[in-house]
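# Commentary on secondary and tertiary structure
One-letter residues, chain by chain:
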Amino acid sequence: MGVMEQPIFTTRAHVFQIDPTTKKNWVPASKQAVTVSYFYDSTRNSYRIISVDGSKVIINSTITPNMTFTKTSQKFGQWADSRANTVFGLGFASEQQLAKFAEKFQEVKEAAKLARDKSQEKMETSSNHSQESGRETPSSTQASSINGTDDEKISHGGPETAALITENDRLKTAVEQSNANAKKWETELQTLRESNARLVDALTESSANVESWKKQLNSCKEESETLREKISELEAQCAEASAEKERNAQLSARVQELETELQDKEQELENLRKQAEIIPQLMAECESITEKLQAADVKNKDLEERIGGLQADIEDSQSKQGNMKGELKKFMDILDGKIDELHEFRQGLSRLGVDN
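As annotated in an unreviewed UniProt entry, the protein chain carries the name WH1 domain-containing protein and comes from Esox lucius.

Spelled out as structure tokens, the structure:
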């Protein structure tokens, strides 16, 4: 960048370049969003788009009136540069940034067109002036042929003729320079035409690539929908598998419980078998106990008979005891009477003794 170049617009974007081999795929020129600026060179009256990533210049594109900035998506745009023989692409963070960049591109493009028109006007003016000078030259030549040689003119015409010859030489030099400039401009014009043809081809190919990308995008969307449906089916199958696994776990737990219960029943059955083995012994013991009980019953009957006799004896003795109690009571009553009489007798004796 020259000292006279000044930035007129700056933004940030991801920079891409078209693959020079395939002319279809985009190759990232920057790993992240970088600064992209429009610069104006006042000395050359030209405009450039420049972007630098670190110390590497990744965009250095001079804008010409034939360039076109194309929006290929909501946040992506591109333009072809025939001088750099590539196509640049910019990915922006928002639609507004892309719109501002495209608007500035159009403004700079119009400015470049005006600058080119002014240059052509200057070139045409210089060319017309040179042609007029060329038309004047033959008359001078005729004059020299009529009047004699240049040396003769100098000798016969004086200072005015010498000035005309000097002016004629200057005009010849200007005509030659103008012719050289015209050839140069023709060469550059041919180069621009070829560049325009390449740009048209690149734009056509880019449009075809856009259509191809759109088809690929639609195909990818269809594949994505198919994959989503498959994922939904797999998720449903996974849910069914999970439910089936849970049911299997429940069944396994139930089977384990049943096995435990079966083992308990088998243990009870084994215990019953063992008890069945001792049933004959128990029956023999029962018979023995029954015999003992029968003998005990006989004894009980004997004892009951004895108890009945004893009860009769007890009742008899109780009856006798009652009679004895009655008699004893009578005896006690008689004894109490005799004691009272004796007491009275003692008191009488005591009174007699006191009297004596």
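## What about the overall build of the protein chain?
For the protein chain, the count of helices and strands is four helices and eight strands. Seen in sequence order, the protein chain has helices and strands lined up from the N terminus as β-β-β-β-β-β-β-β-α-α-α-α. Relative to its 356 residues, the protein chain shows a buried fraction of 19%. Sequence-distant contacts, at least 24 apart, represent 53% of the contacts inside the protein chain between residues at least 6 apart.

## Let's talk about a nonpolar patch on the surface
On the surface, a cluster of nonpolar side chains totalling about 460 Å² of accessible area is made up of Leu328, Phe331, Met332, Leu335 and Ile339. With respect to the helices, strands and loops of the structure, Met332 is situated in helix H4 (residues 279–355).

## Digging into the pairing of strand S7 (residues 76–81)
With six of its six residues buried, S7 lies for the most part within the structure. The alternating pattern of S7 places Phe76, Gln78 and Ala80 on one face and Gly77, Trp79 and Asp81 on the opposite face, and all of these are buried. Sheet topology places strand S6 (residues 70–71) next to S7; two bridges connect them, and they run antiparallel. When the sheet's bridge partners are listed, Lys71 is paired in S7 with Gly77. Following S6, the chain reverses through four residues before pairing antiparallel with S7. Relative to strand S8 (residues 86–91), S7 is paired through six bridges, and the arrangement is antiparallel. Opposite Asp81, over in S8, you have Thr86 as the bridge partner.

## Observations concerning the nonpolar core
Membership of the largest hydrophobic core comes to 23 residues, with the highest contact counts inside it found for Ile49, Trp79, Leu90, Phe101 and Phe105. Contributions of two or more residues to this core are made by strand S1 (5–18), strand S3 (34–41), strand S4 (46–53), strand S5 (56–62), S8 and helix H1 (95–147). For this core, the element with the highest residue contribution is H1, accounting for six residues. When residues no more than four places from it in sequence are discounted, the contact partners of Leu90 are Ala13, His14, Val15, Val36, Ile59, Lys75, Phe76, Gly77, Trp79 and Phe101.

## What to know about the packing of aromatic side chains
Counted under the stated rule, the structure contains twelve aromatic pairs. An angle of 55° between the planes, with centres 5.3 Å apart, marks the rings of Phe69 and Phe101 as tilted. Highlighted residues: Phe69 in the loop between S5 and S6 and Phe101 in helix H1, separated in sequence by 32 residues.

Cut-offs and rules
For every chain, the first residue of the written sequence is number 1, and numbering continues from 1 onward in sequence order. This being a predicted model, a pLDDT of at least 70 is required before a residue's local features are given, and a value of 80 or more before pairs of side-chain atoms are given or counted; all residues contribute to the totals for chains, interfaces and linings. Side-chain numbers here rest on the full set of heavy atoms in the structure, without hydrogens or water. Strands here mean DSSP runs of E at least two residues long; helices mean DSSP runs of H or I at least four residues long; both are numbered from the N terminus. Only protein chains enter the calculation, and the probe is 1.4 Å; a residue is then buried if its accessible area is under 20% of its type maximum, exposed if over 50%, and partly exposed in between. Should any heavy atoms of two residues lie within 4.5 Å, those residues are counted as being in contact. Every patch collects residues that have over 30% relative accessible area and no salt bridge, joining them within 9 Å if they carry like charges and within 5 Å if they are nonpolar side chains (Val, Leu, Ile, Met, Phe, Trp, Tyr). Areas reported here follow the Shrake-Rupley algorithm with a probe of radius 1.4 Å; residue values treat only the protein chains shown as occluding. What makes a salt bridge here is a side-chain nitrogen of Lys or Arg within 4 Å of a carboxyl oxygen of Asp or Glu, nothing more. In this analysis, strands are considered paired if DSSP registers two or more bridges between them. Only buried residues count toward a nonpolar core. Its members are Ala, Val, Leu, Ile, Met, Phe, Trp, Tyr and Cys residues joined through side-chain atoms within 4.5 Å. Pairing of aromatic rings covers Phe, Tyr and the six-membered ring of Trp, with a centre-to-centre limit of 6.5 Å; geometry is then stacked below 30 degrees between planes, edge-to-face above 60, and tilted otherwise.

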